[in-house]
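# Examining the three-dimensional arrangement
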Amino acid sequence: MSEAKRIDGKATAARIVARVKAEAERLRAEAGMRPGLAVAIVGEDPASQVYVASKARMAEECGFRSERHVLAAETSEAELLGLVERLNADPTIHGILVQLPLPKHIDAGKVIRAIAVEKDVDGFHLTNVGLIGTGQAAAAFVPCTPAGAMILIRDVIGDDLSGRRAVVVGRSNIVGKPMAQLLLAADATVTIAHSRTADLAEVCRTADILVAAVGRPQMIRGDWIRQGAVVIDVGVNRIPAPERGEGRTRLVGDVAYDEALGRASAITPVPGGVGPMTIAMLMANTLVSAFRAGGQEPSR
Ligand code: NDP
């Protein structure tokens, strides 16, 4: 069999961002409105700092108003809730994102619930979760990573996933569960696997569509992959890369990419697969929110 197609998330994300940018310009010209995105981060986790910086940068690139709130690790829950309240009330802000994870002394669920549903561009608010779970994703903000992964799957397979068996490895509220809901809504037959799943390799081998969202470097081996499967690797893991020099590291996914190439029909690389799609979908959600604030919908 020939080598798997490399799914270019970076190129797809660039096309989405270009469309967002054009629609943001249209909103400005027609309604005098500029989409506004506020991102808040508490503490100094280096990976989170990088994510927040790139989200803010991309928002500026899209022509959005972009606010970055960098709060000290000791910030209290009440202070963070106060910031969320102010952003909820600010008519120039259409999207609010609080970067997770939050320090242990802050109840992340409480903070997410405090974000106004119509500004919850991360799609984590219970109302958005409920809309997706009841097949009403079109009315919701869908979490950015699964939304982006779904676009890549549809690009490869098409809109109708009936008859396809999908396995999602990982059941987090951020990735695994909403991913499974979206696949189900597209008529795939879905299995969710996790750390307590027996015979994980065997379960993975049943998948026509395999989504890995675990956070364990290269855990999914080539021989876990059904011949011809579409593999979406959400994992982002930093591992030592002594071949690049002392102390150097590199990013890998949850799937052993080189092994998977000989089995899958298509696979997302890490980096350059799902990651860029996540940021693009955040921009798309913020654009939708701004249009809705003006009583309209963007063209898609
Ligand atoms: P979580 O840690 O919240 O969830 C990980 C899931 O993997 C859990 O459901 C866990 O099971 C399961 N798991 C852990 N170990 C095993 C195992 N040995 N076998 C089977 N299942 C296992 O992570 P997230 O969902 O937040 O993120 C997953 C990965 O995706 C991470 O690498 C993260 O960095 C990446 N990510 C990438 C994004 C992107 O934009 N590309 C965005 C968000 C995340 P259990 O529930 O039983 O503990």
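Just so we're clear, the structure is a prediction, and the values are computed from it rather than from any experiment.

Secondary structure assignment for the chain yields ten helices and eleven strands. Taking 300 residues into account, the globule formula puts the C-alpha radius of gyration at 19 Å, and the chain, at 19 Å, falls close to it. For the chain, the spread of C-alpha atoms along the principal axes amounts to about 55 × 45 × 35 Å. When each of the 300 residues of the chain is scored for burial, the buried share is 44%.

One finds Val-168, Leu-183 and Val-211 to be the most contacted residues of the largest nonpolar core, which totals 89 residues. No other element matches the twelve residues that helix α10 (residues 274-293) contributes to this core. A domain split of this core shows at least three residues from each of domain 1 (31-118) and domain 2 (143-275). Leave out the neighbours within four places in its chain, and Val-211 touches Ala-149, Ala-166, Val-168, Val-169, Met-179, Ile-232 and Val-234.

Below, the discussion takes up the environment of Gln-49. With respect to the secondary-structure elements, Gln-49 resides in helix α2 (residues 46-61). In this structure Gln-49 comes out as partly exposed when scored by C-beta crowding, with 14 C-beta atoms within 10 Å. Filtering out sequence-adjacent residues up to four positions away, Gln-49 remains in contact with Ile-41 and Glu-44.

UniProt's entry tags residues 7-122 with the feature "domain: Tetrahydrofolate dehydrogenase/cyclohydrolase catalytic" (unreviewed entry), counted in the numbering of this structure. Spanning residues 7-122, this segment combines 51% helix with 16% strand, and its end C-alpha atoms are found 24 Å apart.

It is worth spelling out the site of the ligand at this point. Among the 25 residues in the neighbourhood of the ligand, the closest are listed as Gly-170, Ser-172, Ser-195, Gly-215 and Thr-278. The biggest single contributor to the shell around the ligand is α10, with three residues. Its residues placed into classes, the shell around the ligand shows ten nonpolar, twelve polar and three charged.

The subject of this paragraph is the pairing of strand β2 (residues 36-42). Most of β2 sits out of view: seven of its seven residues are buried. Going residue by residue along β2, you find Gly-36, Ala-38, Ala-40 and Val-42 tucked away on one face and Leu-37, Val-39 and Ile-41 tucked away on the opposite face as well. Sheet analysis places β2 next to strand β3 (residues 65-71), joined by seven bridges and oriented parallel. Looking at the pairing, Leu-37 lines up with Ser-66 of β3. In this view, the connection linking β2 to its parallel neighbour β3 by way of α2 has right-handed handedness. Two strands pair when backbone bridges link them, and β2 and strand β4 (residues 95-98) are joined in this way by four bridges, in the parallel orientation.

A word on the environment of Tyr-257. Relative to the assigned elements, Tyr-257 resides in helix α9 (residues 257-261). As for Tyr-257 and Lys-119, which are separated by 138 residues in sequence, their C-alpha atoms are 37 Å apart. Among residues more than four places away in sequence, those in contact with Tyr-257 are Ile-267 and Pro-269.

What counts and what doesn't
- Residues numbered from 1 in each chain as written.
- Predicted model: local features only at pLDDT ≥ 70, side-chain atom pairs only at ≥ 80, totals over all residues.
- Helix = DSSP H or I, 4+ residues; strand = E, 2+ residues; numbered from the N terminus.
- Rg over C-alpha atoms; globule rule 2.2 N^0.38 Å.
- Buried ≥ 20, exposed ≤ 12 C-beta atoms within 10 Å, placed from the backbone.
- Core = buried A, V, L, I, M, F, W, Y, C linked by C-beta atoms within 7 Å.
- Domains from an automatic or database assignment.
- Contact = placed C-beta atoms within 7 Å.
- UniProt positions renumbered as here; feature names shortened; annotations may be inferred.
- Near = placed C-beta within 6 Å.
- Nonpolar A, V, L, I, M, F, W, Y, C, P; charged D, E, K, R; others polar.
- Pairing = 2+ DSSP bridges.
- Right-handed = clockwise from strand over helix to strand, strands pointing away.

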